[in-house]
Each structure stands twice: as C-alpha cells, then as structure tokens.
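# Structural characterization, general
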Amino acid sequence: PQLLRLCEREGVDAILTINDLELPHLATARAQLAQLGTRAIVSSPEVVETCFDKYATAQFLESTGFACPKTYMPSEVTALLKEIQSGTFGFPVIAKPRRGSRSQGIYLVHDATSLEKDAVRVGEVESVDSNRTIYQEFVESDQYSLHIFNDFSGRPVSVVGMVNLVPPVNGESF
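Residues numbered from 1 in each chain as written. Predicted model: local features only at pLDDT ≥ 70, side-chain atom pairs only at ≥ 80, totals over all residues. Heavy atoms only, no water.

This paragraph deals with the pattern of salt bridges. Tallied over the full model, the rule gives five salt bridges. For Asp 53, the salt bridge identified is with Arg 98, shortest N-O distance 2.8 Å. With Asp 53 in the loop between helix H3 (45-52) and helix H4 (54-63) and Arg 98 in the loop between strand S4 (93-97) and strand S5 (107-109), this residue pair connects regions lying 45 residues apart in the sequence. For the pair Asp 53 and Arg 98, a shared accessibility class is recorded, and that class is buried. Arg 99 is the partner of Asp 53 in a salt bridge, and the nearest nitrogen-oxygen pair spans 3.4 Å. Placement of Asp 53 in the loop between H3 and H4 and of Arg 99 in the loop between S4 and S5 is noted, with a sequence separation of 46 residues between them. Overall, Arg 99 belongs to the partly exposed group, its relative accessible area being 43%. Salt bridges sharing partners connect three or more residues here, namely Glu 49, Asp 53, Arg 98 and Arg 99. (Salt bridge = Lys/Arg side-chain N within 4 Å of Asp/Glu carboxyl O. Helix = DSSP H or I, 4+ residues; strand = E, 2+ residues; numbered from the N terminus. Buried < 20%, exposed > 50% of the residue type's maximum accessible area, 1.4 Å probe, protein only.)

And the structure:
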C-alpha cells in the first residue's frame, strides 16, 4: 500500500528492483501499479514463484531438457540414497532452503548416516505442506549469474553474464 501511494503521488512511470527478496511483492502488486499508470518491470507472479522455489525450478528445468543438479525433498531421501549407491553421483550433497537466497542456510551433508539423521531432523521441524528444505547433488564449480533484460513485450534485448570470483560474504555475491 505504501508503494502504491508513493507511485501515485509522485507519478512514477516505471519501477524495478534488483533485490531478489522484493520481487514477489513487486510481482504481486504489478496489476495494481498498472492501474495507477506505473509499469512494474518484473516477471509475472507465477514466474517469480517458480524461480523462488528451488524444487519447482529444478522440476521446470528438468521438464524443458536443461541439465540441473538432481533435487530431492526430505521425503525422497530413500530415492536419493539409491542414486548415490548406483553411482549416479556421490557425497557430499547440499542441503538448502527450498525458498531462499544469497547462499543463506546452505550446508553440506557428507555421508548416508548424516543424511538420514538430517532428513529426520528436518521432517520433525517442517510441516508436510511446507517442505522447507531440499537436497541437491553437489556440483563443484564457479558460480555464474545471468541478468536478462527484456523489452516490454518480453523479448530479450540484453544479457549480462557474470562469474562470481569471490565467495558470497554475508549472503551477498560480488
């Protein structure tokens, strides 16, 4: 509401954010902002939600043929262990918040016993609906980011690729 009032009062033509934590809020307000004549430069709420949900992102990438780390919910730990035992990939696996950013809340799980204990611990603190933690195949590599800028019809006009040379500090990548 405060953002809407500010945009209306100041006659803001367009608004965007580079803070990923603000994207869901801006996407949700997109229609209301449009009624005020302010264009919110953000993807649809559905796209933002898919991108914020790492499990949904992995499922989407897999369904479109993109290679991505194998991803499992805590309830799928048995399947994860079978993949490891079959040699598809090995330990460590990475545990991370299903919804999160800036490398916060990420930790490595180094063996089957630790994974099973972690899945039980996670299951005890999470409700069945939320499934706040996921496990992923750990991929040792540099961290890359792509910033894609589209025109107002959704066509990409510029893509900026970056490699993060410094590990995240307090959740911020440089």
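A word on the sheet that holds S4. The four strands are arranged S3-S6-S4-S5 in an open sheet whose pairing can be described as antiparallel. The sheet terminates laterally at strand S3 (71-72) and S5, the two strands that pair on one side only. Sheet topology places S3 next to strand S6 (residues 133-137); two bridges connect them, and they run antiparallel. Within S6, the residue paired with Tyr 72 across the bridge is Tyr 135. (Pairing = 2+ DSSP bridges.)

Quick look at the packing of aromatic side chains now. Counted by the stated rule, this structure contains one aromatic pair. Summarising the aromatic geometry, the rings of Tyr 72 and Phe 89 are spaced 6.5 Å apart at their centres and angled 40° between planes, so their arrangement reads as tilted. Of this pair, Tyr 72 sits in strand S3 while Phe 89 is found in the loop between helix H5 (77-86) and S4, placing the two residues 17 residues apart along the sequence. For Tyr 72, a relative accessible area of 7% translates into the label buried. Stacked on the ring of Phe 152, the Lys or Arg Arg 39 has its end atom at 3.9 Å from the ring centre. (Phe/Tyr/Trp six-rings, centres within 6.5 Å; stacked < 30°, edge-to-face > 60°. Lys NZ or Arg CZ within 6 Å of the ring centre and 35° of its normal.)

Our focus in this paragraph is the environment of Gly 105. Tracing the backbone through its elements, the reader meets Gly 105 in the loop between S4 and S5. When the C-alpha positions of Gly 105 and Thr 133 are compared, they lie 9.4 Å apart, and in sequence the two are 28 residues distant. Beyond its immediate chain neighbours, meaning those up to four positions away, Gly 105 contacts Ala 95, Lys 96 and Pro 97. (Contact = heavy atoms within 4.5 Å.)

Here the focus is helix H2 (residues 23-35). When the terminal C-alpha atoms of H2 are compared, their 19 Å separation across 13 residues agrees well with the 18 Å that a helix rising 1.5 Å per residue should span. The sharpest bend along H2 reaches about 50° and sits at Ala 29. Residues Leu 26, Ala 27, Ala 29 and Leu 33 constitute the buried set of H2. Buried residues along H2 sit against helix H1 (2-10), strand S1 (14-15), strand S2 (39-40) and H3. (Expected span 1.5 Å × (residues − 1). Bend = angle between axes of the 7 residues up to and from the residue.)

Moving on, we come to unusual backbone geometry. Across the junction of Phe 91 and Pro 92, the peptide omega takes the value 0°, indicating a cis bond. Mapped onto the secondary structure, Pro 92 falls in the loop between H5 and S4.

Relative to the elements of secondary structure, Asp 118 occurs in helix H6 (residues 112-125). With sequence-adjacent residues up to four places away left out, Asp 118 is seen in contact with Ala 95, Tyr 107 and Tyr 135.

Another aspect to go through is the pairing of S6. Across the five residues of S6, five count as buried, placing the element largely inside the fold. When S4 meets S6, the two strands line up antiparallel, connected through five bridges. Residue pairing in the sheet places Ile 94 in a bridge with Gln 136 of S6.

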